[in-house]
Amino acid sequence: MDILDELFQKMLESRIFKNREALRPDHVPETLPHREEQILKLAGILAPALQGARPSNVFMYGKPGTGKTAVAKYVLRRLNAKVGDKVAVAYVNCREADTNYRVLADLSSSTGVYVPFTGLSTAEVLRRFINGLEKEGKLMIAVLDEIDSLVKKSGDAVLYHLTRINEKLSNSKMALIGITNDLRLTEYLDPRVKSSLSEEEIVFPPYSYEELKDILEARAKEAFYPGVLNEGVIPLCAALAAREHGDARKALDLLRVAGEIAEREGATKVLEEHVKKAQREIERDHVVDVIRTLPVHSKLVVLSTYVLERKGVREITTGEIYAVYRKYCKEIGVEPLTQRRVSDLISELDMLGIVNAKVISRGRYGRTRRIRLSISEQSLKEGLGEDTILRGLSIA
Ligand SMILES: Nc1ncnc2c1ncn2[C@@H]1O[C@H](COP(=O)(O)OP(=O)(O)OP(=O)(O)O)[C@@H](O)[C@H]1O
Ligand SMILES: [Mg+2]
């Protein structure tokens, strides 16, 4: 049997996962423990839709992984099952659709009106959306998830139009559910937008350790065969996630990856050590993602630091990094930033945990920063490896 057959066979015979989908981040479970209050409140706000009336707009906020998206999808699914097609539900993720145009185009397409990917004015897309809605003659409930991404990138003009849209509708109605994990979002909003978006507000507090345990227990029942999880596994996942502002996503990721590691190792049970390995694996993936999405100048700074370290330079300073950085800019034909800007980039990389920049005193020569990489060589290579611009550089 070759190595792939063996791997697939192991999957087929998995004694670990009964249903691994149940731990996927976008899976909406049958029950959401400790969110009864938010579920009831949202359902209550949306209930007028059952009689064809327009519900109030709702603004939902709380830290990442506190169940906002899950609650919105859960309640809308239940509502949809009751009202059928009298109500149109649209879900827009504003991190993906982060321009006014894209948001309106997405909303339009859920009324069945096709809008090209680019090329129209925003006003024209808005007009088509309104016409589409009027033709359908329905109530639309639109979820605008991760609304902060949209506002930070493109401002709140589209929100302004959407919160006023009912004034322009005669045959149809619209209600908005805005969701954010950035609690300062309202500082960026026009006060009129803020007040009409938050006719109602629902707060999602972080989960406590005990609550995370309950959430994991319920999800684990769907996902794993009975008896597969060692006793300490769920408490450990819950404790690690509780330390990070009570994030259920983090807790579920740990549990899923721990299960996958146990499976890869051919173990029959998931143990605490698998959770610890999962934590390291997740952290490494996170670092790789951060590096991968850095702007090119920051990538060059990271690469320069790496090269100096490899050469055995003991006290790497901004000046030394800058010299190597300039050489690389020349090689790939980009205009170098000033040393001052590069110094700022180093501070940013320090905050992201990619380099460590320690201020040291050099006696009468004043103070300088000693810079070191704080990531592994493997993460660096994975993070920079796919960048085609960097590929031609001589890093000897
Ligand atoms: N009470 C709960 N019971 C079961 N699973 C939950 C619960 N709360 C959250 N989850 C799960 O945790 C993960 C994160 O939740 P969700 O996506 O709703 O977070 P969020 O508040 O929208 O976070 P973000 O602000 O980052 O978008 C999802 O997989 C979700 O199904
Ligand atoms: Mg969310």
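For the structure, check the block above.
Residues numbered from 1 in each chain as written. Chains lettered and ligands numbered in written order. Predicted model: local features only at pLDDT ≥ 70, side-chain atom pairs only at ≥ 80, totals over all residues. Heavy atoms only, no water.

A. Looking closely at the nonpolar core. Leu107, Phe129, Leu144, Leu159, Leu162, Ile165 and Met174 are the most contacted members of the largest nonpolar core, which totals 33 residues. At the level of secondary structure, the elements contributing two or more residues to this core comprise β2 (87–93), α4 (100–109), α5 (122–136), β3 (139–145), α6 (147–154), α7 (157–164), β4 (173–180) and α9 (191–197). Once residues lying within four places of it in the same chain are set aside, the contact partners of Phe129 are Leu107, Ser108, Thr111, Met140, Leu162, Ile165 and Met174. (Core = buried A, V, L, I, M, F, W, Y, C linked by side-chain atoms within 4.5 Å. Buried < 20%, exposed > 50% of the residue type's maximum accessible area, 1.4 Å probe, protein only. Helix = DSSP H or I, 4+ residues; strand = E, 2+ residues; numbered from the N terminus. Contact = heavy atoms within 4.5 Å.)

B. View of the site of ligand 1. Near ligand 1, the surroundings consist of 21 residues, among which Pro33, Gly65, Lys68, Thr69 and Tyr207 are the closest. Within the backbone of Pro33, one N or O atom sits 2.8 Å away from a nitrogen atom of ligand 1. At a separation of 3.0 Å, an oxygen atom of ligand 1 approaches a polar side-chain atom of Arg249. Calculation on ligand 1 without its partners gives an accessible area of 630 Å², and the protein chains cover 95% of this total. Sorting the residues of the shell around ligand 1 by element identifies α3 (68–83), α10 (209–223) and α12 (248–264) as the ones contributing at least two each. (Near = heavy atom within 4 Å. Polar contact = N/O pair within 3.5 Å; in protein donor to acceptor, adjacent residues only side chain to side chain. Areas by Shrake-Rupley, 256 points an atom, 1.4 Å probe, with all protein chains shown as cover.)

C. A look at a nonpolar patch on the surface. Where nonpolar side chains cluster on the molecular surface, the patch consists of Ile3, Leu4, Leu7 and Phe8 and spans about 440 Å² of accessible area. Note that Ile3 resides in helix α1 (residues 3–12). (Patch = residues over 30% accessible without salt bridge, like charges linked within 9 Å, V, L, I, M, F, W, Y side chains within 5 Å. Salt bridge = Lys/Arg side-chain N within 4 Å of Asp/Glu carboxyl O.)

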